[in-house]
Amino acid sequence: MRKLFSQDIKRGLYEVAEFANAEKLKSTKLLLKYAKKHSLKSLDAIQLSVVKSATQSEVVKAVVCADEKFCKIIALEGFSVINPIIGDNS
């Protein structure tokens, strides 16, 4: 599986994104906004902060996520979501 993922990265299917100070601040803000009411986890906040940063320079059509709670938070942040378990629920 790791080999296939590496090949996909080389083909440009995925891109490795940086987690810098700007994303750390966004993660904190997301946690303050969603942790209590929607059970946002810290690693999910990090992932979402990187997605939000990437959209500033690239077009993100949808976020793929299989965690139903996290899918709701992603949608609340204005992104279309594809849940591979239940299909497109954007």
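As shown above, the structure is provided for reference.
Each chain carries its own residue numbering, running from 1 in the written order of its sequence. In keeping with the predicted nature of the model, local features appear solely for residues at pLDDT of at least 70, side-chain atom pairs appear and are counted solely at 80 or more, and the whole-chain, interface and lining totals rest on all residues. Values reported for side chains reflect all heavy atoms of the structure, with hydrogen atoms and water molecules removed beforehand.

### Quick word on the overall build of the protein chain
Rules: A helix here means a DSSP run of H or I that spans at least four residues, while a strand means a run of E at least two residues long, and both kinds are numbered starting from the N terminus. Per-residue accessibility, obtained with a 1.4 Å probe over protein chains only, is compared with the maximum for each type, and a residue is labelled buried under 20%, exposed over 50%, and partly exposed between these values. Each accessible area is a Shrake-Rupley result for a 1.4 Å probe, and residues are judged covered by the shown protein chains and nothing else.
A count of helices and strands for the protein chain gives four helices and three strands. Secondary structure of the protein chain in N-to-C order comes out as α-α-α-β-α-β-β. A total of 90 residues make up the protein chain; the buried ones form 24% of that total. For the protein chain, the exposed surface amounts to about 6800 Å²; the carbon and sulfur share of it is 57%.

### With respect to the packing of helix α2 (residues 21-38) against helix α3 (residues 42-54)
Inclusion rule: Orientation is described by lines fitted to C-alpha atoms, with helices fitted over the stretch in contact, and by angles between N-to-C directions that extend from 0 to 180 degrees. Note on terminology: angles under 35 degrees are roughly parallel, angles over 145 are roughly antiparallel, angles of 65 to 115 are roughly perpendicular, and the others are oblique. Crossing handedness: left-handed means the near helix sits turned counterclockwise from the far one by under a right angle, and right-handed means the same turn made clockwise. Two residues qualify as a contact provided that any one of their heavy atoms is within 4.5 Å of a heavy atom in the partner residue.
The N-to-C vectors of α2 and α3 enclose an angle of 125°; their axes lie 8 Å apart at closest approach. Taken together, the axis directions place α2 and α3 in an arrangement best described as oblique. Crossing of α2 over α3 shows right-handed handedness. Where α2 abuts α3, its residues Glu-23, Lys-26, Ser-27, Leu-30 and Leu-31 lie against Ser-42, Ala-45, Ile-46, Leu-48, Ser-49, Val-50, Lys-52 and Ser-53.

### Remarks on the environment of Asp-67
Keep this limit in mind: Side-chain atoms alone can form a polar contact between residues adjacent in sequence; in general such a contact is a pair of N or O atoms within 3.5 Å, and within protein one must be able to donate a hydrogen while the other accepts it.
Mapped onto the secondary structure, Asp-67 falls in the loop between β1 (63-64) and α4 (68-76). Separated by 17 residues in sequence, Asp-67 and Pro-84 place their C-alpha atoms 9.8 Å apart. Excluding residues that lie within four positions of it along the chain, Asp-67 makes contacts with Lys-41 and Asp-44. One polar contact links the side chain of Asp-67 to the main-chain amide nitrogen of Lys-69, over a distance of 3.0 Å. Among the polar contacts made by the side chain of Asp-67, one reaches the main-chain amide nitrogen of Phe-70 at a distance of 3.1 Å.

### Details of a nonpolar patch on the surface
The cut-off we apply is this: Patch members must show over 30% relative accessible area and no salt bridge, and they are joined within 9 Å when carrying like charges or within 5 Å when they are nonpolar side chains of Val, Leu, Ile, Met, Phe, Trp or Tyr. Salt bridge, as used here: a side-chain nitrogen of Lys or Arg that lies within 4 Å of a carboxyl oxygen of Asp or Glu.
A cluster of nonpolar residues, Phe-5, Leu-13 and Tyr-14, forms a patch on the protein surface that exposes about 320 Å² of accessible area. One can find Leu-13 in the loop between α1 (2-10) and α2.

### As for the side chain of Glu-77
Structurally, Glu-77 can be placed in the loop between α4 and β2 (81-83). At 3.1 Å, the side chain of Glu-77 forms a polar contact with the side chain of Lys-33. At a separation of 2.5 Å, a polar atom in the side chain of Glu-77 contacts the side chain of Lys-52. The residues contacting Glu-77, other than those within four sequence positions of it, are Leu-30, Lys-33, Tyr-34, Leu-48 and Lys-52.

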